[in-house]
Amino acid sequence: MKIVKIFLLFIAVLGISACNFLDKEPTRTTSGSYFSNEAEAESFLRGTYAILTQSAFYGNEYIFLVGGDDTEHYGGAGRAPYGKGLICNNANTSDPAVAGFWYVLYSGINRANTLLENINQIPGISENARKQYTAEARFLRAFFYFNLVECWGDVPFRTFSTQTVNGLDIARTPKDQIYDFIVQEMSTSANDLKSAAELNYQPGRISKSAAWGMLARVYMFRAGEHFRDKTTADNAKITEYFTQANTYAQKVMAEGHTLATNYWDFFIDLCSDKYNTKGKESIWEAEFSGNYSSDTRGEGRWGNTVGLPAPDLSAQLNIIGKADPGYSYGFFYCTPKLYELYTANGDINRLNWNIAPFTYTESVRGKGVDGREFEKGKLAEVKTQYYNQSYSYGDQSVGAKFGDREKAVANTDLGRVCGKFRREYEADKKNKNFTSINFPILRYADVLLMIAECENEINSSPTALAYQCINEVRSRAGIAALSGLSKDDFRQAVKDERAMELCFEFTRRFDLIRWGEYVSNMNALVARAKNGSDWKLGPANVFSYFQISDTYNYFPIPANEMAVNKLITVNNPGW
């Protein structure tokens, strides 16, 4: 089926996930004569935002497409490779997750195009609303195109909506032309977006900060395109891209954002359906809601696929609170490389939040969680951190099978399950598979590290501002400030800091690609995974996930798209 046929299919049958900024009301979009007043325009805009929360995007499959890097991997004792996406190095051109992401992005683009074509003719719409909705739609369309370019490179490009299924074969447009469109749309749309302060730092809706921060990310990825294409670097252009990224990131810096007091405060807010209670760090989130018990389908999978494993107590309605911290499959594990980055930097704060320091336990199966077993030495550390902000079960009594306690022997396995998204902070009775936990698309710590990187790249050495930004992130983590580094050493420090700060937020794969390090960094872990001495999951099913080639710098064009779109004649290299 052609791109545009899929457009129409998505518009007709795709459920619209609710968004917090519109009070989590359910809606559904249509086209044609739908735009008869301002409320309907707002509803259609909500449908464009809703693309972010579809199962093919942040709602689920995204993590299996872009996950898998040198800091985290799909894992679990005896667990077979995942059957979709690129995460286990087993994808092909018929992969359903790849195709789903391709089509959902084009569906979002089509929705934005439809809104933009109609908004100037809507009766009674206020000028303020028209300008704001136009800006949001333009930004979202550009954001969807950026995802296409990041993943596929050259892709079909159109800025008008689908009206018919006839004569719609579309050739791939060179990505440089699409980049030019993206940066123009993001920068111009920001003029009519509200500031984060005007939105009361509520991150569900696009603000100037979100537009500028994402634009900085676009420029930085573009600066590294020569690596994945193996072309000669144009140093003048690269410097210009970093300069532009720096300019827009510093615009965000002037918008009143701050880091949350403690690293875990941000994620406790995220998992509790709260925003910026201890700092103005969250800039843009994909918003989810509910527990799969009402007619509104607004749930996601954060904390369930990526989270702390716990027993499935969802069917036992009388087990609530800390007795049911929420089921998680625990699909994502750290690599020893991430664990050792934390220990080398003395970073126990981010280590003990991002890499689970304990497992939930039941003394009587089926009766509810009544304890936690900590890794040796971790209980005392967590008691100085977030212990009083988490479910705790009291110190274990002598001979008891419940309560908080430690393992008697130190764990030598450095490939441990992710602890970043924790379901215990969800307010309602928990569904087995669906959660209300939002996904952080952009937060202020990321912006600070962008500035630090850009300042270093466009100067002969790290500047005072570069140190200020990276050390603000490190200070919040409770680790030593950096000083006196060369340009190369500071560049590596930024790379390591991004790994420690942003792990399991699924930015790392694209960081590695733009640095020209994705394939080499992945392959460097193969021997260690095979050895299995301190990475126990390695011999079973992990080492092959890291044996990637340059093919994986791009996604494959879906086979069904190439079968019907006769103007796409060549797939990406290796596919």
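Data block above holds the structure.
I will try to describe carefully the structure that is included in this document. (Residues numbered from 1 in each chain as written. Predicted model: local features only at pLDDT ≥ 70, side-chain atom pairs only at ≥ 80, totals over all residues. Heavy atoms only, no water.)

### Points about the overall build of the chain
This is how the line gets drawn: Helix and strand assignments follow DSSP, with helices taken as H or I runs no shorter than four residues and strands as E runs no shorter than two, numbered in order from the N terminus. Each radius of gyration reported is based on C-alpha atoms, and the globular scaling rule is 2.2 Å times the count of residues to the power 0.38. To sort residues, take the accessible area from a 1.4 Å probe on protein chains only and compare it with the maximum for the residue type: under 20% means buried, over 50% means exposed, and anything in between is partly exposed. Note on contacts: a residue pair is in contact if any heavy atoms of the two residues lie within 4.5 Å. The protein chains shown are the only cover counted for residues, whose accessible areas, like all others here, come from Shrake-Rupley with a 1.4 Å probe. Counting rule for charge: Lys and Arg are taken as positive, Asp and Glu as negative, and neither His nor the chain ends is counted. To locate a charge, take NZ of a lysine, CZ of an arginine, CG of an aspartate or CD of a glutamate.
Assigned secondary structure in the chain consists of 21 helices and 9 strands. Computed over its C-alpha atoms, the radius of gyration of the chain comes to 23 Å, within 12% of the 25 Å expected for a compact globule of 575 residues. For the chain, the C-alpha atoms occupy an extent of roughly 75 × 60 × 45 Å along the three principal directions. Expressed as a percentage of the 575 residues in the chain, the buried residues total 63%. In the chain, of all internal contacts separated by at least 6 residues, the share reaching a separation of at least 24 is 73%. Accessible area of the chain: about 20,500 Å², with a carbon and sulfur share of 49%. The positive charge centre, built from 62 side chains, and the negative charge centre, built from 66, are 3 Å apart in the chain.

### Considerations on the sheet that holds strand β6 (residues 358-361)
As a reminder of what qualifies: In this scheme, strands are said to pair when DSSP sees at least two bridges between them. Axis angles are defined between N-to-C directions and span 0 to 180 degrees, where every axis is a line fitted to C-alpha atoms and, for a helix, only to the segment in contact.
With respect to topology, 3 strands assemble into an open sheet ordered β6-β7-β8, the strand pairing being mixed. Where the open sheet ends on each side, the last strands, each with one partner, are β6 and β8 (403-406). With strand direction ignored, the average angle separating the axes of adjacent strands in the sheet is 20°. Pairing analysis gives 4 bridges linking strand β7 (residues 371-374) to β8, with the strands arranged parallel. Directly across from arginine 372, in β8, lies its bridge partner aspartate 404.

### What about the packing of helix α15 (residues 464-477) against helix α16 (residues 487-502)?
Relative placement of two packed helices is described by the angle separating their axes and the distance separating the axes. Using the following cut-off: Whether a crossing is left-handed or right-handed is set by the direction in which the near helix is turned from the far one by less than a right angle, anticlockwise for left-handed and clockwise for right-handed. Throughout this entry, Asp, Glu, Lys and Arg are counted as charged residues, while Ala, Val, Leu, Ile, Met, Phe, Trp, Tyr, Cys and Pro are counted as nonpolar. The remaining residues, Gly among them, count as polar.
The N-to-C vectors of α15 and α16 enclose an angle of 35°; their axes lie 11 Å apart at closest approach. α15 and α16 meet at a crossing whose hand is left-handed. Where α15 abuts α16, its residues Ala466, Tyr467, Ile470, Val473, Arg474 and Arg476 lie against Phe490, Ala493, Val494, Glu497, Met500 and Glu501. Partitioned by chemical class, the residues of the contact of α15 with α16 number 8 nonpolar, no polar and 4 charged.

### Regarding helix α2 (residues 38-49)
One turn of the α-helix equals 3.6 residues, which is why residues spaced by three or four share an orientation. To be explicit about the condition: Take the number of residues in a helix, subtract one, and multiply by 1.5 Å to get its expected span. Any N or O atom pair separated by 3.5 Å or less is treated as a polar contact, with the protein-specific requirement of one donor-capable and one acceptor-capable atom, and with residues adjacent in sequence counted only for side-chain atom pairs.
Between the first and last C-alpha of α2 there are 17 Å, a value that for 12 residues agrees with the 16 Å anticipated at 1.5 Å per step. Buried residues along α2 sit against α4 (96-118) and α5 (127-152). Two or three places before alanine 39, at the opening of α2, asparagine 37 has a side-chain oxygen 3.1 Å from that residue's backbone nitrogen.

### Some remarks on the pattern of salt bridges
Inclusion rule: Criterion for a salt bridge: a side-chain nitrogen of Lys or Arg within 4 Å of a carboxyl oxygen of Asp or Glu.
Evaluation of the coordinates by the stated rule reveals 42 salt bridges. Between glutamate 127 and arginine 130 there is a salt bridge, and its shortest N-O distance comes to 2.4 Å. In this pair, glutamate 127 and arginine 130 both sit in helix α5, 3 residues apart, roughly one turn of the helix. On the basis of relative accessibility, which here comes to 44%, the residue glutamate 127 falls in the partly exposed class.

### Brief notes about the environment of glutamate 453
Residue position: glutamate 453 is located in helix α14 (residues 444-457). Considered as a pair, glutamate 453 and alanine 245 are 208 residues apart in the sequence and their alpha carbons are 9.9 Å apart. Apart from residues lying up to four places away in sequence, glutamate 453 is in contact with Met220, Phe242, Val494, Arg498, Arg514 and Trp515.

### Remarks on the side chain of glutamine 132
Mapping glutamine 132 onto the fold places it in helix α5. Here glutamine 132 is in contact with Asp192, Lys194 and Arg205, once residues within four sequence places are set aside.

### Some remarks on the nonpolar core
Where we set the bar: Remark: nonpolar core denotes a set of buried residues (Ala, Val, Leu, Ile, Met, Phe, Trp, Tyr, Cys) joined through side-chain atoms within 4.5 Å.
Within the largest apolar cluster, 173 residues are counted, with the highest numbers of intra-cluster contacts made by Phe57, Tyr58, Phe101, Phe143, Trp152, Trp284 and Phe332. For this core, the element with the most residues is α5, which contributes 15 residues. Not counting chain neighbours up to four residues away, the residues in contact with tryptophan 152 comprise Val98, Phe101, Trp102, Leu105, Asn147, Arg172, Tyr554, Phe555, Pro556, Ile557, Pro558 and Asn572.

### Concerning the packing of aromatic side chains
Here a ring pair, both rings aromatic, is described through the centre-centre distance and the interplanar angle of the planes. Defined as follows: Only Phe, Tyr and Trp rings take part, Trp by its six-membered ring, and two of them pair if their centres are within 6.5 Å. Stacked means planes under 30 degrees apart, edge-to-face means over 60, and tilted covers everything else. A ring is considered to have a charge above it if a Lys NZ or an Arg CZ atom is located within 6 Å of its centre and within 35 degrees of its normal.
Under the definition given, this model contains 47 aromatic pairs. Note on tyrosine 292 and phenylalanine 434: the rings are 4.2 Å apart at their centroids and 5° apart in plane angle, and the pair reads as stacked. Of the two residues, tyrosine 292 sits in the loop between β4 (282-286) and β5 (332-334) while phenylalanine 434 sits in the loop between β8 and β9 (439-443), which places them 142 residues apart along the sequence. Classification of tyrosine 292 by relative accessible area gives partly exposed; the value is 40%. Their ring planes at 75° and their centres at 5.3 Å tell us that phenylalanine 358 and tyrosine 360 sit as a pair that is edge-to-face. Its relative accessible area of 10% is what places tyrosine 360 among the buried residues. Across the ring face of tyrosine 327, the terminal group of lysine 432 is positioned such that the distance to the ring centre comes to 5.3 Å. The residue whose ring lies beneath arginine 443 is phenylalanine 266, and the NZ or CZ to ring-centre distance is 5.3 Å.

### Some thoughts on the packing of α2 against α4
Definition in use: Working rule for angles: under 35 degrees goes down as roughly parallel, over 145 as roughly antiparallel, 65 to 115 as roughly perpendicular, anything else as oblique.
The contact between α2 and α4 brings their axes to 9 Å, and the two run at 160°. Comparing their axes, α4 and α2 come out roughly antiparallel. Taken as a pair, α2 and α4 cross one another with a handedness that is left-handed. Here Ala41, Phe44, Leu45, Gly47 and Thr48 of α2 lie close against α4, whose contacting residues are Gly108, Arg111, Ala112, Thr114 and Leu115. For the contact of α2 with α4, the class distribution of residues is 5 nonpolar, 4 polar and 1 charged.

### Comments concerning α16
For α16, built from 16 residues, the straight-helix expectation of 22 Å at 1.5 Å per residue is met to within 8% by its first-to-last C-alpha distance of 22 Å. Within α16 the residues assigned to the buried category are Phe490, Ala493, Val494, Lys495, Asp496, Glu497, Arg498, Ala499, Met500, Glu501 and Leu502. Positive phi appears at phenylalanine 504, one or two residues downstream of α16, with a value of about 65°.

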